[in-house]
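Structure at a glance
Given next are the chains, with one letter for each unit.
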Amino acid sequence: MTQTPDPLLQLSPDRLQGALRLISYLLGEGRSAADPDQVLEKMCRLIRTVGVPLQRAASIVQLLHAEAVASARFWEHGQGTRSELFPFNEDSGDGYARSPAADVHKTGEWVILWLPDTPDDRYGIVPDLKAEGYTHYIMAPVFMGIGTAGIFSFATQSPEGFSDEDIRFLRAVFPALAACQEVLSTARTMKEVLRIYVGEEPQRRILSGDVHRGEVMRIRSAILFADMRRFTELTAGMSAEQATGLLNAYYDCIVPPVEAAGGEVLKLIGDGILAVFRAGEDGAQTCSQALAAAREGLARVAARSVQPQFGVGIALHFGEVAFGNVGSGMRLDYTVIGRDVNLAARVAELCGTKDEPLLVSSEFRQRAGLEGRSLGKQSLKGLQTPEEVFAVSVSP
């Protein structure tokens, strides 16, 4: 069986030195860089240093992200880099299907286009490349260990295009380009997937090594617990897809105001939402943020005109939240526990029985400096001491 010669061994001495400099950067400083834009820019600069007439490059990676399918970074000679997210929607796959990326991922081979001889309908990008004066275009696939995929593309406006020696150089350094892209992409994916499913603070704690059962961290915070009223009744006749759509509409009312006000959504528990607002030196300010988020969320619910309509009850409390790993063996859940979390959840249940959209605990009322209308001391399930609960206006 004939072995394919190592592209590095086919390079001239000058280009071999340039290739080794680029490989050393990508596998050293580049793979631990905080800014991938800078990595792409330096990579392109080092490629040009050896005489390759590179004038445009792109690094595109598939994302595991709630709102986007891919992330792209583009470099153009003399203009630097720019980044772009490709959003997730019903048309997400159309552009991909008409691009060289679909072919390189299917075949595992590079696509190399001499643009003057390439029909405009070959790929969706071809007319744009021609209009911008590009003559030669290359796209190469990257397959990652976690199952996602990426690409690199290279283009030139040189009348002669890329020479055979230029292409040999790109093939020689490509394994290092792919390795660097995979390391940076995998690190991003780990952070984003963890944030999607467990929230910002748990994500940071897990990646910093907090992965052992029984470890607990406590924070003082304002606690928000929201609950959709009559969820079971509303969804009794719905399909799973319809029920999911209703939940998402509910989350769209409550979650954005929480995040805009500086809160962190820790749990989406069916039709329940648990969020915290970390307390700094001024607990009153923290409570004001939580109250503003609750009011904005309820305003969004009231403004909905789409059927079915639904009601929401929100409880606010101030206390201590404990983050901790619970579970057994290799299966753990990073969750929030503690008396104050339970109290907020029980007060939220009162919203339905008392027909009140916004209730606060006595601790929250005092710290926030609210008036409120007392509902008296309430016996809350699982708590030994009755808690005075206050109804608060949903308008500022």
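This text gives an overview of the structure that appears in the document. (Residues numbered from 1 in each chain as written. Predicted model: local features only at pLDDT ≥ 70, side-chain atom pairs only at ≥ 80, totals over all residues. Heavy atoms only, no water.)

A word on helix α7 (residues 200-207). Residues lying three or four places apart along an α-helix face the same way, a consequence of the helix completing one turn every 3.6 residues. Every buried residue of α7 is listed here: Glu 201, Pro 202 and Gln 203. Summarising the contacts, the buried residues of α7 are in contact with α6 (164-198), β7 (216-228), β8 (264-269), β9 (272-278), β10 (312-328) and β11 (331-337). (Buried < 20%, exposed > 50% of the residue type's maximum accessible area, 1.4 Å probe, protein only. Helix = DSSP H or I, 4+ residues; strand = E, 2+ residues; numbered from the N terminus. Contact = heavy atoms within 4.5 Å.)

Bringing the environment of Gly 311 into the picture now. Looking at the element boundaries, Gly 311 is found in the loop between α10 (283-303) and β10. On the accessibility criterion, Gly 311 (26% relative accessible area) is partly exposed. It is 9.3 Å that separates the C-alpha atoms of Gly 311 and Tyr 250, two residues lying 61 residues apart in sequence. The residues touching Gly 311, leaving out its near neighbours within four places in the chain, are Asp 227, Met 228 and Arg 229.

The next subject is the sheet that holds strand β1 (residues 56-62). Note on sheets: strands pair through backbone hydrogen bonds, and any given pair is parallel or antiparallel. One open sheet holds the six strands; their spatial order is β3-β2-β1-β6-β5-β4, and the pairing between them is antiparallel. For this open sheet the edge positions go to β3 (80-87) and β4 (111-114), each flanked by a neighbour on one side alone. The sheet shows a mean angle of 15 degrees between the axes of neighbouring strands, taken without regard to direction. Strand direction decides the pairing type here: β4 and strand β5 (residues 136-143), joined by four bridges, are antiparallel. Residue pairing for β5: Leu 113 is matched across the bridge by Tyr 137. Sitting on the sheet, helix α2 (residues 36-49) is in contact with β1, β2 (68-76), β3 and β6 (149-156), with an inclination near 40 degrees to β2. Packed onto the sheet, helix α4 (residues 100-107) meets β4, β5 and β6 and runs at close to 50 degrees relative to β5. (Pairing = 2+ DSSP bridges. Axes fitted to C-alpha atoms, helices over the stretch in contact; angles between N-to-C directions.)

Moving on, we come to the packing of aromatic side chains. In total, this model carries five aromatic pairs according to the counting rule given. Taking 5.2 Å as the distance between ring centres and 65 degrees as the angle between the ring planes, the aromatic pair formed by Trp 110 and Phe 174 counts as edge-to-face. Here Phe 174 lies in helix α6 and Trp 110 lies in the loop between α4 and β4, a separation of 64 residues in the sequence. Exposure remark for Trp 110: the relative accessible area of 16% places this residue in the buried category. Summarising the aromatic geometry, the rings of Phe 152 and Phe 174 are spaced 5.9 Å apart at their centres and angled 85 degrees between planes, so their arrangement reads as edge-to-face. (Phe/Tyr/Trp six-rings, centres within 6.5 Å; stacked < 30°, edge-to-face > 60°.)

Of all hydrophobic cores here, the largest spans 39 residues; its most connected members are Met 43, Phe 154 and Phe 169. Listing elements by their share of this core, those giving two or more residues are α1 (13-27), α2, β1, β2, β5, β6 and α6. Counting residues per element, this core draws most heavily on α6, which supplies 11 residues. By size, the runner-up hydrophobic cluster in this structure holds 38 residues, among which are Leu 247, Cys 253, Leu 291 and Ile 314. (Core = buried A, V, L, I, M, F, W, Y, C linked by side-chain atoms within 4.5 Å.)

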